[in-house]
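Descriptive analysis of the structure
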Amino acid sequence: MRALTGAFKSCSSLEEVVLPAGVKSIGSNAFSDCVLLKTIALPEGIELIGSNVFDGCSSLEEIILPASVKTLERQPLSNCDNLKRIFYEGTEAEWSALKAQENYAYVDYDG
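Residues numbered from 1 in each chain as written. Predicted model: local features only at pLDDT ≥ 70, side-chain atom pairs only at ≥ 80, totals over all residues. Heavy atoms only, no water.

As for unusual backbone geometry
Outside of glycine, negative phi angles account for most residues, and trans bonds account for most peptide bonds. Even without a glycine there, the phi angle at Asn52 is positive, about 55 degrees. Its location among the elements puts Asn52 in the loop between β4 (48–49) and β5 (62–65). Judged by relative accessible area, which is 17%, Asn52 ranks as buried. Its identity is not glycine, yet Asn79 carries a phi of approximately 60 degrees, on the positive side. Following the sequence through the fold, Asn79 ends up in the loop between β6 (71–72) and β7 (85–88). (Helix = DSSP H or I, 4+ residues; strand = E, 2+ residues; numbered from the N terminus. Buried < 20%, exposed > 50% of the residue type's maximum accessible area, 1.4 Å probe, protein only.)

Re the packing of aromatic side chains
Here the structure, examined in full by the defined rule, presents three aromatic pairs. Between Phe31 and Phe54 the ring centres are 5.7 Å apart and the planes differ by 5 degrees, which places this aromatic pair in the stacked class. You can see Phe31 sitting in the loop between β2 (25–26) and β3 (39–41) and its partner Phe54 sitting in the loop between β4 and β5, a full 23 residues away along the chain. Residue Phe54 is classed as buried on the basis of its relative accessible area, which comes to 1%. Here the aromatic rings of Tyr88 and Trp95 are separated by 5.1 Å at their centres, their planes lie at 35 degrees, and the arrangement is tilted. Since its relative accessible area comes to 2%, Tyr88 is described here as buried. Overall, Trp95 belongs to the buried group, its relative accessible area being 2%. Taken together, the ring pairs in this structure connect Phe8, Phe31 and Phe54 into an aromatic cluster. (Phe/Tyr/Trp six-rings, centres within 6.5 Å; stacked < 30°, edge-to-face > 60°.)

Description of the pattern of salt bridges
The tally for this structure, following the rule as stated, stands at one salt bridge. For Glu62, the salt bridge is made with Arg85, and the minimal N-O distance between the two is 3.7 Å. Of this pair, Glu62 sits in strand β5 while Arg85 sits in strand β7, and the two are 23 residues apart along the sequence. Residue Glu62 is classed as partly exposed on the basis of its relative accessible area, which comes to 35%. Given the relative accessible area of 33%, Arg85 is considered partly exposed. (Salt bridge = Lys/Arg side-chain N within 4 Å of Asp/Glu carboxyl O.)

Keep in mind that these numbers describe shape and distance, not what the molecule does.
Laid out in structure tokens, this is it:
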């Protein structure tokens, strides 16, 4: 089952999200414009992160991507002005393959 598109879009008071085990994907724009979102915990098992999922999350500073992520759709972290760190739990080779997908030249590996 795929997550609902825009499920928490523009939720102005959302500061933290902890997704439960068993979630396989995050739908497009699920958390876009959640301007107070600072922390997101993505569980191992997530395979797909949809387009613009965190677009406009201007308070987001760090995100940890589990090694299970296989697909990043278009610009999942665009307009995250305070994003300082993206940590990928897989290998550098897996990260290189993942970020080689269209529109990810702006993402650096921090291993």
